[in-house]
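# Understanding the architecture of this molecule
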Amino acid sequence: MRLFAAVLPPDEAVAELGRAVDQLTGCEGAAGLRWTGRPGWHFTLAFYGEVPDETVPELSRRLERAAARSAPFPLALRGGGHFGDRALWVGATGDVAALRRLAERAGAAARKAGLDTEDHRHYRPHLTLARGSGAVHLTPYAAALDTFTGEQWTVGELALVRSRLPKSGVRGERPRYEKVGGWPLSATG
């Protein structure tokens, strides 16, 4: 299974961001971008890639421990940015340090379960909104999101998500995401 650990924003935050994104999709050049589907909006904490079925139970146990060592924390969607002209994203505000710690713990859980993972020393929390081929400049889209700040919510769960990549070659088909596990953040203090 192709898996990653994530924080999933609540429906209210997704709807609020969706209204801002709807304004962007009507802009000149927007049709040249591949917009991500709202059901798949998430903050990736650690990407695991293809995980053998026999490793998933151990990874799940380790993620459960990581969640138990993490306290719930406030977060909100805020501002826009881009990685070159390849990805447009919205960032985060609130207890971003707690989000980074959760990412570190999700990565450590994978290493302890025997998986190689990305290094999160330079973890930059972001939720990808659109991908481009480089033909559409993303700076104006990111600038349009500069003033966006969503309502704050409390992150209370660490999720394990399965990614199913498109196989049909149909234009516009998107990856599908399925939550396969979730553990409450239950540390106090």
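Keep in mind that this is a model prediction, so the values were computed, not measured.

### Side note on the overall build of the protein
Tallying secondary structure elements over the protein gives four helices and nine strands in all. With respect to the three principal axes, the spread of C-alpha positions in the protein is 45 × 40 × 30 Å. Taken over 189 residues, the protein has a buried fraction of 45%. Taken as a whole, the protein presents about 10100 Å² of accessible surface, with 48% of it coming from carbon and sulfur. In the protein, 25 positive and 21 negative side-chain charges are present, and the distance between their average locations comes to 3 Å.

### Some thoughts on the packing of aromatic side chains
Under the definition given, this model contains three aromatic pairs. Plain terms: the ring middles of Phe4 and Tyr177 are 5.7 Å apart, the flat faces sit at 85° to each other, and that makes the pair edge-to-face. Taken together, the residues Phe4 in strand 1 (residues 2-7) and Tyr177 in strand 9 (residues 176-184) connect sequence positions 173 residues apart. Residue class for Phe4 comes out buried when judged on its relative accessible area of 3%.

### A closer look at the sheet that holds strand 3 (residues 43-50)
Pairing is antiparallel across the open sheet formed by four strands, whose spatial order is 3-1-8-9. Where the open sheet ends on each side, the last strands, each with one partner, are strand 3 and strand 9. The sheet shows a mean angle of 25° between the axes of neighbouring strands, taken without regard to direction. Sheet topology note: the strand 1/strand 8 (residues 157-164) ladder contains four bridges and is antiparallel. When the sheet's bridge partners are listed, Ala6 is paired in strand 8 with Ala159. Taken strand by strand, helix 3 (residues 96-112) contacts strand 1, strand 3 and strand 8, and its axis lies near 15° from that of strand 3.

### Focus on the pairing of strand 4 (residues 73-83)
Sheet topology note: the strand 4/strand 7 (residues 153-155) ladder contains three bridges and is antiparallel. Pairing of Leu75 across the sheet is with Trp153, part of strand 7. Sheet analysis places strand 4 next to strand 5 (residues 87-94), joined by eight bridges and oriented antiparallel. Bridge pairing links Leu77 to Ala92 in strand 5. Where strand 4 hands over to strand 5, the hairpin turn is made up of three residues, of which Gly84 adopts a positive phi near 60°.

### Comments concerning the sheet that holds strand 4
Sheet architecture is open: five strands sit in the order 2-6-5-4-7, paired in antiparallel fashion. Only two strands of the sheet have a single partner each, and these edge strands are strand 2 (34-35) and strand 7. Running at roughly 85° to strand 4, helix 3 makes contact with strand 4 and strand 5 of the sheet.

### What to know about helix 2 (residues 56-68)
Along an α-helix, a turn takes 3.6 residues, which lines up residues three or four apart on a common side. The end-to-end C-alpha distance of helix 2, which contains 13 residues, comes to 18 Å, matching closely the 18 Å that a straight helix rising 1.5 Å per residue would cover. Val56, Leu59, Ser60, Leu63, Ala66 and Ala67 are the residues of helix 2 that are buried. Relative to the axis of helix 2, the buried residues are bounded by an arc of 120° and lie together on one face. Buried residues along helix 2 sit against strand 1, strand 3, helix 3, strand 8 and strand 9.

Cut-offs used in this document
- Residues numbered from 1 in each chain as written.
- Predicted model: local features only at pLDDT ≥ 70, side-chain atom pairs only at ≥ 80, totals over all residues.
- Heavy atoms only, no water.
- Helix = DSSP H or I, 4+ residues; strand = E, 2+ residues; numbered from the N terminus.
- Buried < 20%, exposed > 50% of the residue type's maximum accessible area, 1.4 Å probe, protein only.
- Areas by Shrake-Rupley, 256 points an atom, 1.4 Å probe, with all protein chains shown as cover.
- Lys, Arg positive; Asp, Glu negative; His and termini not counted.
- Charge placed at Lys NZ, Arg CZ, Asp CG, Glu CD.
- Phe/Tyr/Trp six-rings, centres within 6.5 Å; stacked < 30°, edge-to-face > 60°.
- Pairing = 2+ DSSP bridges.
- Axes fitted to C-alpha atoms, helices over the stretch in contact; angles between N-to-C directions.
- Contact = heavy atoms within 4.5 Å.
- Expected span 1.5 Å × (residues − 1).
- Arc of directions from axis to C-beta.

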